[in-house]
Amino acid sequence: MKKPILLLIIFLCCAPALHAQLLKKFIKKKEKTEEETEATMPMATGKPAEVNTTLIINGDESVTIDSSYEYDWAVYQESEAFQGSQRVIDGGEDIVIYYSSTSPAFCIQLLSRSTGTRYHFYGDFGKESQLSLAGVAGIASGDKAKLELEGMEPVYPGEIGYLSQLKRTGAKKVIAGVACEEYVAHNLRHDPRVVNTNHAKVTAYVWIPMDPHAVFPGYSLMPDHFKNQIEKMRIAGSYPPVVMPLEMFLEYGNGDKVFTHTTQIIINERRKIQLTDINK
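Quick caveat: nothing in here was measured; it's all calculated off a predicted structure.

Brief notes about the overall build of the chain
- Of regular secondary structure, the chain possesses three helices and 13 strands.
- Here the chain, with 280 residues, has 50% of them falling under the buried criterion.
- For the chain, restricting intrachain contacts to residue pairs at least 6 apart in sequence, the fraction spanning at least 24 positions comes to 62%.
- For the chain, the computed accessible surface area is about 13400 Å², with 53% contributed by carbon and sulfur atoms.

Listed below in structure tokens is the structure:
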């Protein structure tokens with residue numbers, strides 16, 4: 001019993017604050033009785049709803065989401081966690097980011113090596129919806145909401161949603177065949193998502209594709225009001241988390257570090273992703 005408990009403690013110390021919050025919400029829902037866990041799966045347009053007690057989705061009832069999505073671009077990444085100069089054994093995550101060339105939609109799938117917990121995020125600009133899921137041991141739950149770029153927080157190492165004022169360093173390099181440029185950023189220390197956590201201060205070195213279409217071809221199909229908002233956010237120096245970094249190095253105030261890098265990018269390989277895949 002000691003080893004799993006120790007691993008969980010390491011995970012909660014080193015994993016992003018958002019992941020820990022999702023895990024706590026998931027554990028609360030898992031402890032409910034079987035009668036309370038009955039819920040309805042999201043339904044695709046024109047199809048009847050399916051009852052699935054292993055996947056519970058709450059949130060804004062006015063938001064429409066599908067039960068499956070198709071993507072044809074996949075970015076594979078890994079993250080490693082360090083405490084000082086010591087690499088955390090079994091720490092970090094395996095990550096896959098899916099993008100579409102036929103619709104303005106993307107998905108992030110993250111697996112924690114230390115706990116086996118899966119985190120999925122779906123962003124659909126066509127339906128203006130977002131969905132965050134967390135699952136372990138064949139049970140998952142999550143929340144759907146209206147997609148809004150301000151405050152959008154996809155599951156990803158480093159709590160990137162509250163990084164502000166990204167500044168170009170002028171450095172450029174090619175990562176997995178994609179031209180990227182480096183930015184440096186700091187978090188907002190008063191942000192309520194990091195107050196009273198050991199990650200209350202972070203410096204991020206972020207490598208972002210110079211052309212978002214290089215990894216997200218469906219970017220051009222995004223509704224105009226989102227494109228205009230993204231441009232305004234960029235001019236103001238903030239980072240809309242729509243196209244994920246291909247490389248990122250984070251240094252926290254307590255000495256922890258997280259390094260995320262891309263291992264490969266696969267293009268033009270169509271695949272259908274089911275929401276229930278989180279329990280596989």
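Next comes the rest of the write-up.
A closer look at the pairing of strand E4 (residues 93-99)
- Burial analysis of E4 places six of its seven residues in the buried class, the great majority of the element.
- One ladder, built from seven bridges, connects strand E2 (residues 68-83) with E4; its direction is antiparallel. Counterpart to Trp73 in the pairing with E4 is Tyr99.
- Hairpin remark: E4 followed by strand E5 (residues 105-112), antiparallel, with five residues in the connecting loop.

Side note on the confidence of the model for the chain
- Within the chain, residue pLDDT values average 80, and 73% of them lie at 70 or more.
- Per-element averaging of pLDDT across the chain places helix H1 (residues 2-14) at the bottom with 38 and E4 at the top with 97.
- Long-range and interchain partners of residues 20-49, a stretch whose pLDDT sits below 50, account for 51 contacts in this model, where long-range means more than four residues apart.

Brief notes about the pairing of E5
- Summarising burial for E5: seven of the eight residues are buried, a large majority.
- As paired elements, E4 and E5 share seven bridges and run antiparallel to each other. Paired with Glu93 across the strands is Ser112, a residue of E5.
- Direction of pairing for E5 relative to strand E6 (residues 118-124): antiparallel, over a ladder of seven bridges. Bridged to Ala105 within E6 is Asp124.
- Here E5 folds back onto E6 in antiparallel fashion, the turn holding five residues, of which Gly116 has a positive phi close to 80°.

So, the packing of aromatic side chains
- Considering all chains together, one arrives at eleven aromatic pairs under this definition.
- Taken together, a centroid distance of 5.9 Å and an interplanar angle of 45° make the contact between Phe106 and Phe121 tilted. Taken together, the positions of Phe106 in strand E5 and Phe121 in strand E6 put the pair 15 residues apart, joining distant regions of the chain. In this structure, Phe106 and Phe121 share a single accessibility class: buried.
- Clustering of aromatic rings is evident, with ring pairs tying together Tyr99, Phe106, Phe121, Phe125, Phe216, Tyr219 and Phe226.
- The ring of Trp207 has Lys173 sitting right over it, with the charged end atom 4.7 Å from the ring centre.

Regarding the nonpolar core
- Ranked by size, the top nonpolar core spans 44 residues in total, and within it Tyr99, Phe106, Leu149, Phe216 and Val242 carry the most contacts.
- If one sorts the elements of this core by residue count, strand E11 (residues 202-209) sits on top with five residues.
- Excluding its chain neighbours within four sequence positions, the residues that come into contact with Phe106 are Tyr71, Tyr98, Tyr99, Phe121, Tyr122, Gly123, Phe125, Met152, Phe216, Pro241, Val242 and Met244.
- Val63, Ala105, Ala140 and Ile278 belong to the second largest nonpolar core, which has 18 residues in total.

A look at the pattern of salt bridges
- Taken as a whole, this structure holds ten salt bridges when the rule is applied.
- The residue Glu70 makes a salt bridge to Arg270 at a minimum N-O spacing of 3.3 Å. With a gap of 200 residues between them, Glu70 in strand E2 and Arg270 in strand E13 (residues 256-274) connect regions that are remote in the sequence.
- Its relative accessible area of 38% is what places Glu70 among the partly exposed residues.
- Residue Asp72 pairs with Arg270 through a salt bridge whose shortest N-O separation is 3.3 Å. Residue Asp72 is located in strand E2, and its partner Arg270 is located in strand E13; the two are separated by 198 residues in the primary sequence.
- Taken together, the salt bridges that share partners define one network made up of Glu70, Asp72 and Arg270.

Some details on the environment of Trp73
- Along the chain, Trp73 turns up in strand E2.
- You can call Trp73 buried: its relative accessible area is 14%.
- The spatial distance from the C-alpha of Trp73 to the C-alpha of Ile265 is 7.4 Å, given a sequence separation of 192 residues.

Brief notes about unusual backbone geometry
- Of note in this structure, Asp90 is not a glycine but carries a positive phi near 60°.
- By the element assignment, Asp90 lies in the loop between strand E3 (86-87) and E4.
- One non-glycine residue, Ala176, lies in positive phi territory at about 50°.
- Turning to its location among the elements, Ala176 is positioned in the loop between strand E9 (163-175) and strand E10 (178-187).
- Relative accessible area serves as the criterion here: at 43%, Ala176 is assigned to the partly exposed category.

Conventions we followed
Residues numbered from 1 in each chain as written. Predicted model: local features only at pLDDT ≥ 70, side-chain atom pairs only at ≥ 80, totals over all residues. Heavy atoms only, no water. Helix = DSSP H or I, 4+ residues; strand = E, 2+ residues; numbered from the N terminus. Buried < 20%, exposed > 50% of the residue type's maximum accessible area, 1.4 Å probe, protein only. Contact = heavy atoms within 4.5 Å. Areas by Shrake-Rupley, 256 points an atom, 1.4 Å probe, with all protein chains shown as cover. Pairing = 2+ DSSP bridges. pLDDT = per-residue confidence, 0-100. Phe/Tyr/Trp six-rings, centres within 6.5 Å; stacked < 30°, edge-to-face > 60°. Lys NZ or Arg CZ within 6 Å of the ring centre and 35° of its normal. Core = buried A, V, L, I, M, F, W, Y, C linked by side-chain atoms within 4.5 Å. Salt bridge = Lys/Arg side-chain N within 4 Å of Asp/Glu carboxyl O.

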